[in-house]
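Each chain is listed here by its residues.
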Amino acid sequence: MRVLVIGSGAREHALLLALSRDPGVDYLAVAPGNAGTAAVAEQHDVDATSGDAVVALAQRLNADLVVIGPEVPLVLGVGDALRKAGIATFGPSKAAARIEGSKAFAKDVMTVAGVRTATSEIVDNPAHLDAALDRFGPPAGQRAWVVKDDGLAAGKGVVVTVDRDAARAHAAELLETGHPVLLESFLDGPEVSLFCVVDGETVVPLLPAQDFKRVGDNDTGPNTGGMGAYTPLPWLPAEVLTQIVEEVVKPVAAEMVSRGSAFSGLLYAGLAITSNGPAVVEFNCRFGDPETQAVLALLDSPLGTLLHAAATGTLADHPPLRWRDGSAVTVVVAAENYPGRPRVGDVITGSEAEGVLHAGTSRRDDGAIVSSGGRVLSVVGTGTDLAAARADAYRRIESIRLPGSHFRTDIGLAAAEGRISLGDQ
Ligand code: GLY
């Protein structure tokens, strides 16, 4: 099978490595890719958000399957263009990608499907902001204000704060730039990212993972696209996982079918396990980053075969997934000043080792690998348990040099020390 992966992050590097382990995959290409993906796939410099350009490339490469990594091409309809050209595609249609592209759409789907989620309100008029803030946040009995950009914002459009002025300032800034704001009630409880391969009403869950969104240890500092992740979750009972699949993901998949926008691809449920059970924080229409880097490290089943089955409507016939024993942890190495405007152009050494996935990297004319984005590398460790996987990931990071870089030192730590329990809420 000839596979083309669209995207340029560590998620796509992880997808390519897992695809390269599938004996059924004999050719891999990536567009546009990064300095790390060049070692595993042929690189093609096309505009990943242009349906015409991606179709032309897939046809030129004779691709049997195109896997679209990021949300932006999906929300823009690149998947539709590929399907229209008769190319098997892993990734939802533009209509189905609205589950991530519009939080208001996602809320409506969840309401109709009877799925528990935060209560919310869209504000699109600055004159209504103060009254709306008064209906949310600590004075309204919540622990914090949750202020989100209604559209795509790469994880950075979200502010969770107990400071009303900070909540107001973020909302006002979004409104000033023409972005409707979503105010939400705060969902208390440990968070879970559950990725499901979905084709219509067929749902195949992967291992659950947990992501670390704040930039600093102990969940301090601003939100980022994600600073690390681990899988599986030793504190999550199997029956809660089943509950998420049966009471959240399947009803949403069924509702998408009944609206005529069946979802085909990766449906990512981000949840909080509250004292009232799982509640959805958000849905995404693609593999999550950085959780994918950890989850795929434990996948034993051939990934190309799985994604091709979803893309061709035969997911229901796919055999049950096999997983390696043990745990996986990924730790993101970020550039100086990330999540603000990151410093780029620094030379990186030690990044061509096993377990080091690339995101914001490029190769300079003199051959040096340099930083070119905020999240630069995603280092993956595995082990017989979470403590061993953490030790493996942090040992690998010691060999990497990137001036000014930073990473969290506590990815998976609370879970490894048994400090997460559902009784804590
Ligand atoms: N892990 C967060 C995201 O992929 O959006």
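Each remark here, short or long, concerns the structure printed above.
In short, a report on the structure. (Residues numbered from 1 in each chain as written. Predicted model: local features only at pLDDT ≥ 70, side-chain atom pairs only at ≥ 80, totals over all residues. Heavy atoms only, no water.)

**Here we look at the sheet that holds strand E7 (residues 145-149)**
As a reminder, the rule being used: Two strands form a pair only when DSSP identifies at least two bridges running between them. Counting from the N terminus, the helices are the DSSP runs of H or I reaching at least four residues and the strands are the DSSP runs of E reaching at least two. A fitted line through C-alpha atoms serves as each axis, taken over the contacting stretch for helices, and the angle formed by two N-to-C directions is quoted from 0 to 180°. Two residues form a contact once any of their heavy atoms are found within 4.5 Å.
Reading across the sheet, the 4 strands line up as E6-E9-E7-E8 and stay open at both edges, with antiparallel pairing between neighbours. Bordering the open sheet on either side are strand E6 (120-123) and strand E8 (159-161), each of which pairs with just one other strand. Sheet twist, expressed as the average angle between the axes of neighbouring strands with direction ignored, equals 20 degrees. As defined by bridge partners, E7 adjoins strand E9 (residues 181-184) across 4 bridges and the pair is classed as antiparallel. Looking at the pairing, Val147 lines up with Leu183 of E9. Running over the sheet, helix H6 (residues 103-113) touches E6, E7 and E9 and is turned about 45 degrees from E9.

**Brief notes about the layout of surface pockets**
What counts here: Only protein atoms enter the 1 Å grid, on which a cavity is a set of points fitting a 1.4 Å probe that cannot get out and a pocket is an open set with protein on both sides within 12 Å along at least 5 of 7 lines, lining residues being those with an atom within 4 Å of a point. Grid points are joined across faces, edges and corners, and a volume is the space filled by probe spheres set on the points. Each residue receives one of three labels: charged for Asp, Glu, Lys and Arg, nonpolar for Ala, Val, Leu, Ile, Met, Phe, Trp, Tyr, Cys and Pro, and polar for the others, Gly being one of them.
Approximately 550 Å³ is the volume attributed to the second largest pocket. Contributions of two or more residues to the lining of the second largest pocket are made by helix H1 (10-20), helix H10 (291-295), strand E19 (356-358), strand E22 (375-383) and helix H12 (386-397). Looking at the lining of the second largest pocket residue by residue, the classes come out as 12 nonpolar, 8 polar and 7 charged.

**Details of helix H11 (residues 303-311)**
To be explicit about the condition: Throughout this description, buried means an accessible area under 20% of the type-specific maximum (1.4 Å probe, protein chains only), exposed means over 50%, and partly exposed covers the range between.
In terms of burial, H11 is a largely internal element, 7 of the 9 residues being buried. Among the residues making up H11, those that are buried are Leu303, Gly304, Leu306, Leu307, Ala309, Ala310 and Ala311. At its buried positions, H11 is contacted by H1, strand E4 (65-68), strand E5 (89-90), strand E10 (191-199) and strand E16 (264-274). Downstream of H11 by a residue or two, Gly313 has a phi angle that is positive, lying close to 75 degrees.

**Comments concerning the site of the ligand**
Note the cut-off: The rule for a residue being near a molecule or strand is that one of its heavy atoms must lie within 4 Å of it. N or O atoms closer than or at 3.5 Å make up a polar contact, with two conditions inside protein: a donor-capable atom paired with an acceptor-capable one, and, for residues adjacent in sequence, both atoms drawn from side chains. Accessibility throughout is a Shrake-Rupley quantity obtained with a 1.4 Å probe, and a residue counts as covered only by protein chains that appear here.
Residues in close proximity to the ligand include Asp211, Gly225, Tyr268, Asn284, Arg286, Gly288, Asp289 and Glu291, which together make up its full environment. Separating a nitrogen atom of the ligand from a side-chain N or O atom of Tyr268 is a distance of 3.2 Å. In isolation the ligand offers 200 Å² of accessible surface; the protein chains occlude 90% of this area. A per-class count over the shell around the ligand returns 1 nonpolar, 3 polar and 4 charged.

Interpretation note: all reported values are geometric properties and have no functional meaning in isolation.
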